[in-house]
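Chain residues, written in single-letter form:
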Amino acid sequence: MRYLFALIFCFLATACAYDRSIIPSEARENPETMYNFARKLLINDREYSKAIVAFDEVEKEFPSSKWAKKAQVMLAFTRYIKREYDEAELGLVRFLELYPADQTYTPYAYYLKAMCSYAQIRDPSRGQQKTKDAAEALKQVVDMYKGSDIGNKYAEDAERKLQLTNDYIAGQEMIVGRFYQKNYNYGAALSRYENVIREYQSSLVVPEALYRVAEVLYTLGHDTEAKKSIAVLGYNYPDNDWYKKAKTLYKE
């Protein structure tokens with residue numbers, strides 16, 4: 001074990017030495033020069049690993065400069081580009097703790113933090129924790145900046161992406177609900193369907209959820225309650241195929 005730790009330490013020490021050497025002395029003259037060097041590595045050269053080192057050095061060597069704040073955000077953006085989402089998010093959390101009221105970079109930092117989770121959204125048939133994290137973070141951006149002068153463009157995009165995340169989460173709820181229904185666990189199935197109707201009202205799967213509620217209630221013998229669900233479905237989605245199907249569940 002000691003040998004393993006020694007190897008790791010040697011590797012890190014060597015990496016750090018190499019990392020610092022990628023920044024030429026002339027680029028270290030002032031924070032703006034170093035920032036521009038890091039930006040060139042990112043934008044022009046697409047040397048993302050080296051850009052991460054260079055942006056980090058801006059903050060380390062010139063922590064009180066305005067370029068240090070900008071470099072922190074760009075460091076997180078570079079990690080995002082590299083798909084190092086957890087590392088990017090940690091950096092953004094730190095930035096937001098240090099500069100919660102900054103009007104230049106903070107709106108984008110909140111947006112980028114949300115995008116780190118959004119980029120990891122999975123298919124509805126798989127676990128949805130990252131989708132839920134994305135929905136929460138995107139909603140925060142919308143709530144904080146919609147209609148504002150400093151972050152409305154981020155809020156508008158976040159709002160569009162929030163709809164998709166909600167569709168994914170609702171889709172997962174429906175998959176689980178169908179599984180329970182198929183296996184005769186009707187109470188658990190109803191709980192999932194009703195959660196979709198209650199929490200994700202704008203989701204595309206709400207018509208099916210209303211239909212499934214009626215279907216389960218009919219199976220359990222609650223005809224009156226089932227008809228209420230069909231009535232809601234017909235009122236809100238009169239041309240939807242799920243309403244057409246629902247009308248075949250019972251005969252007047």
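Residues numbered from 1 in each chain as written. Predicted model: local features only at pLDDT ≥ 70, side-chain atom pairs only at ≥ 80, totals over all residues. Heavy atoms only, no water.

**Concerning the overall build of the protein chain**
Move 1: Along its length, the protein chain carries 12 helices and zero strands.
Move 2: Listing each helix as α and each strand as β along the protein chain from the N terminus yields α-α-α-α-α-α-α-α-α-α-α-α.
Move 3: Across the 252 residues of the protein chain, 44% fall into the buried class.
Move 4: When contacts within the protein chain are restricted to residue pairs at least 6 apart in sequence, long-range pairs at least 24 apart make up 54% of them.
Move 5: Summed over its atoms, the accessible surface of the protein chain is roughly 14,700 Å², and 51% of this surface lies on carbon and sulfur atoms. (Helix = DSSP H or I, 4+ residues; strand = E, 2+ residues; numbered from the N terminus. Buried < 20%, exposed > 50% of the residue type's maximum accessible area, 1.4 Å probe, protein only. Contact = heavy atoms within 4.5 Å. Areas by Shrake-Rupley, 256 points an atom, 1.4 Å probe, with all protein chains shown as cover.)

**What about the nonpolar core?**
Move 1: Grouped together as the largest cluster of nonpolar side chains are 54 residues, with contacts concentrated most on V141, V196 and I230.
Move 2: Leaving out residues up to four positions away in the same chain, V141 has contacts with Y110, Y111, A114, K146, Y154, A155 and A158. (Core = buried A, V, L, I, M, F, W, Y, C linked by side-chain atoms within 4.5 Å.)

**Side note on the packing of aromatic side chains**
Move 1: This model, assessed by the stated rule, comprises 12 aromatic pairs.
Move 2: Here the aromatic rings of Y211 and W242 are separated by 5.1 Å at their centres, their planes lie at 40°, and the arrangement is tilted. Pair noted here: Y211 is in helix α10 (residues 206-219) and W242 is in helix α12 (residues 241-246), with a separation of 31 residues, a long-range link.
Move 3: Exposure remark for W242: the relative accessible area of 23% places this residue in the partly exposed category. (Phe/Tyr/Trp six-rings, centres within 6.5 Å; stacked < 30°, edge-to-face > 60°.)

**A closer look at the environment of N240**
Move 1: In this fold, N240 is placed in the loop between α11 (223-236) and α12.
Move 2: In sequence terms N240 and E208 are 32 residues apart; their C-alpha atoms lie 9.4 Å from each other.
Move 3: Here the side chain of N240 touches W242 through a polar contact of 2.8 Å, landing on its backbone nitrogen. (Polar contact = N/O pair within 3.5 Å; in protein donor to acceptor, adjacent residues only side chain to side chain.)

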